[in-house]
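Chain by chain, the residues:
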Amino acid sequence: MRLALPRWAGPLAVRAALFIAVMCCALAALLGVLVHVSVTDQTVGEARDTALARLAEATASYEAGDPLRRGAGVDPPGLPARLRELAVSGRRGTMAADYEGRPTMWAAGPADGGRALAVRVDRTQGERTIEGLDGAIVWSSGLAIGATLLVGAFAVTRVTRRLHATARVARRISAGDLDARVGDPRAQHPTRPQDEVASVASALDSMASSLQGKLLAEQRFTADVAHELRTPLTGLHAAAELLPPGRPTELVRDRVAALRTLTEDLLEISRLDSGRERLELDAEPLGELARRVVRGSGTGTRVDVVRDARVETDRRRLERVLGNLVANAHRHGRAPVVLTVDGPVITVRDHGDGYPGYLLAHGPQRFRTESGAKGHGLGLTIALGQAEVLGARLEFADPPDGGALATLTLPRQP
């Protein structure tokens, strides 16, 4: 089973912790080796000096005919062979070796008759000192590594938490919440030292503010234009009704109606963009609602109710979504067009050439249609906006066997 890590323990935190641990271990090992070598050299050096001093005393006693002290003798048992050969050749030397299972420092020099005069110094206490020092180095290194890891983890997690907070705000902005801001304390106080995370947070907040200002200006412009067009369009519609019957009059009335529809669509989009739409919930049977939408569209759309459901939703907005999907399927696709109700999931399927690539990749875009297509690209934009108000999910796809498929998934009912 894979170990679940905290949300802050992402790759950056784990890598930083591993780096700190490796560097601490390497530094502790290096310092431990240096201290061990230094103390060992010092202890061995002291034992060597002591052995040479005792060898000098033993040599003086041997030449004077006095008895030798304990630990000194001529060709004593346990004397290393190499050291004896050195002494027999007429030179003095020392060698560390074990004697009766105890660490010993030997010192030897020449004696008469091709023999070696040697003394031994017990190094047990020095070895115990080195072992105790090694243990102290290991424990202190472990404590130092643990303390460094704790401090490093605290410092790294502070940075990673700030990065995660910045990423969460970025995701909220990409989802449409333009009021989201990081508000990093370091970025809000110019007198405080700025780090890279504060710079990123400040840049993200500035980008969000600029984007919000531009979108609000665009929304205000769209709403103002639509409102300003309503009055002259009303007069134009009244004037068109007074024209004498004929083909020119029909053309004028048709264009005035199209312009009025476009104006109403722009007003609806501006209301959706403002985010102030409110739901009027009521219990609605989806099968009957779908049939009512198809009857109102005046098209030959087939309605299949696989599994009917009664949901609490805003009837007007849901009818608007389904009406736009059906109208789009007939306008840009080919028959047969099928509206299917399967519980809270409603699909609209046509058998045309499918949705354009940009729509599948980025969703509906207002005022954009494929070359030669009729319309202004507002129908699906309104359908998507109304679906978001309903809390539903509207998805577009091209089935493998051709055509275009729009899937509306209503929110799960309590």
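Coordinates for the structure precede this section.
Criteria and thresholds
Residues numbered from 1 in each chain as written. Predicted model: local features only at pLDDT ≥ 70, side-chain atom pairs only at ≥ 80, totals over all residues. Heavy atoms only, no water. Helix = DSSP H or I, 4+ residues; strand = E, 2+ residues; numbered from the N terminus. Buried < 20%, exposed > 50% of the residue type's maximum accessible area, 1.4 Å probe, protein only. Contact = heavy atoms within 4.5 Å. Areas by Shrake-Rupley, 256 points an atom, 1.4 Å probe, with all protein chains shown as cover. Core = buried A, V, L, I, M, F, W, Y, C linked by side-chain atoms within 4.5 Å. Phe/Tyr/Trp six-rings, centres within 6.5 Å; stacked < 30°, edge-to-face > 60°. Patch = residues over 30% accessible without salt bridge, like charges linked within 9 Å, V, L, I, M, F, W, Y side chains within 5 Å. Salt bridge = Lys/Arg side-chain N within 4 Å of Asp/Glu carboxyl O. Axes fitted to C-alpha atoms, helices over the stretch in contact; angles between N-to-C directions. Parallel < 35°, antiparallel > 145°, perpendicular 65-115°, else oblique. Left-handed = near helix turned anticlockwise from the far one by under 90°.

Participant: Whenever I open this one, the overall build of the chain confuses me. Can you help?
Facilitator: Within the chain one finds 10 helices and 11 strands. A total of 414 residues make up the chain; the buried ones form 35% of that total. Within the chain, residue pairs in contact and separated by at least 24 positions form 61% of the contacts whose partners lie at least 6 positions apart. Here the chain displays about 25,000 Å² of accessible surface, and carbon together with sulfur accounts for 57% of that area.

Participant: So what exactly am I meant to see when it comes to the nonpolar core here?
Facilitator: Buried together is how nonpolar side chains tend to be arranged in soluble globular proteins. Formed by 32 residues in total, the largest nonpolar core has its most connected members in Leu286, Leu318, Leu325, Leu339, Phe396 and Leu408. Contributions of two or more residues to this core are made by α7 (286-297), α8 (315-332), β8 (338-342), β9 (345-350), α9 (357-362), α10 (379-390), β10 (393-397) and β11 (404-409). Sequence-distant contacts of Leu339, that is, excluding residues within four places in its chain, are made with Ala290, Val294, Thr301, Arg302, Val303, Asp304, Val326, Ile346, Thr347 and Val348. Judged by nonpolar contacts, the second largest core, of 11 residues, contains Ala47, Leu55, Ala111 and Val119.

Participant: Explain the packing of aromatic side chains here, please?
Facilitator: Centre distance and the angle of the planes are the two values used to describe a pair of aromatic rings. Applying the stated criterion across every chain yields a total of two aromatic pairs. Aromatic side chains Tyr99 and Trp106 sit 5.6 Å apart centroid to centroid with 85 degrees between the ring planes, which places their arrangement in the edge-to-face category. Of the two residues, Tyr99 and Trp106, both sit in the buried class. With centroids separated by 5.3 Å and ring planes inclined at 80 degrees, the aromatic side chains of Tyr355 and Phe396 adopt a geometry described as edge-to-face. In this pair, Tyr355 sits in the loop between β9 and α9 while Phe396 sits in strand β10, placing the two residues 41 residues apart along the sequence. Both residues of the pair, Tyr355 and Phe396, belong to the buried class.

Participant: I'm lost on a nonpolar patch on the surface in this one. Help?
Facilitator: Side chains of Leu27, Leu30, Leu31 and Leu34 sit close together on the surface and give an oily, nonpolar patch of about 400 Å² of accessible area. You can see Leu34 is positioned in helix α1 (residues 11-64). Judged by relative accessible area, Leu34 falls into the exposed class, the value being 53%.

Participant: What is the right way to read the packing of α7 against α8 from this model?
Facilitator: How two helices pack is summed up by the angle between their axes together with the distance between the axes. Running from N to C, α7 and α8 point in directions that differ by 55 degrees, and their axes come no closer than 10 Å. By the angle between their axes, α7 is oblique relative to α8. For the element pair α7 and α8, the recorded crossing hand is right-handed. In this structure, α7 contributes Leu286, Leu289, Arg292, Val293 and Ser297 to the contact, and α8 contributes Arg315, Leu318, Glu319, Leu322, Gly323 and Val326.

Participant: Can you walk me through the pattern of salt bridges in this structure?
Facilitator: Two side chains bearing opposite charge may form a pair once their charged atoms approach each other closely. Tallied over the entire structure, the rule returns 16 salt bridges. Its salt-bridge partner being Asp342, residue Arg307 comes within 3.4 Å of it at the nearest N-O pair. Placement of the pair is Arg307 in strand β6 (residues 302-307) and Asp342 in strand β8, with a sequence separation of 35 residues. For Asp342, a relative accessible area of 31% translates into the label partly exposed. The residue Glu395 makes a salt bridge to Arg393 at a minimum N-O spacing of 3.3 Å.

Take it as geometry only, folks, not as evidence of what the structure does.
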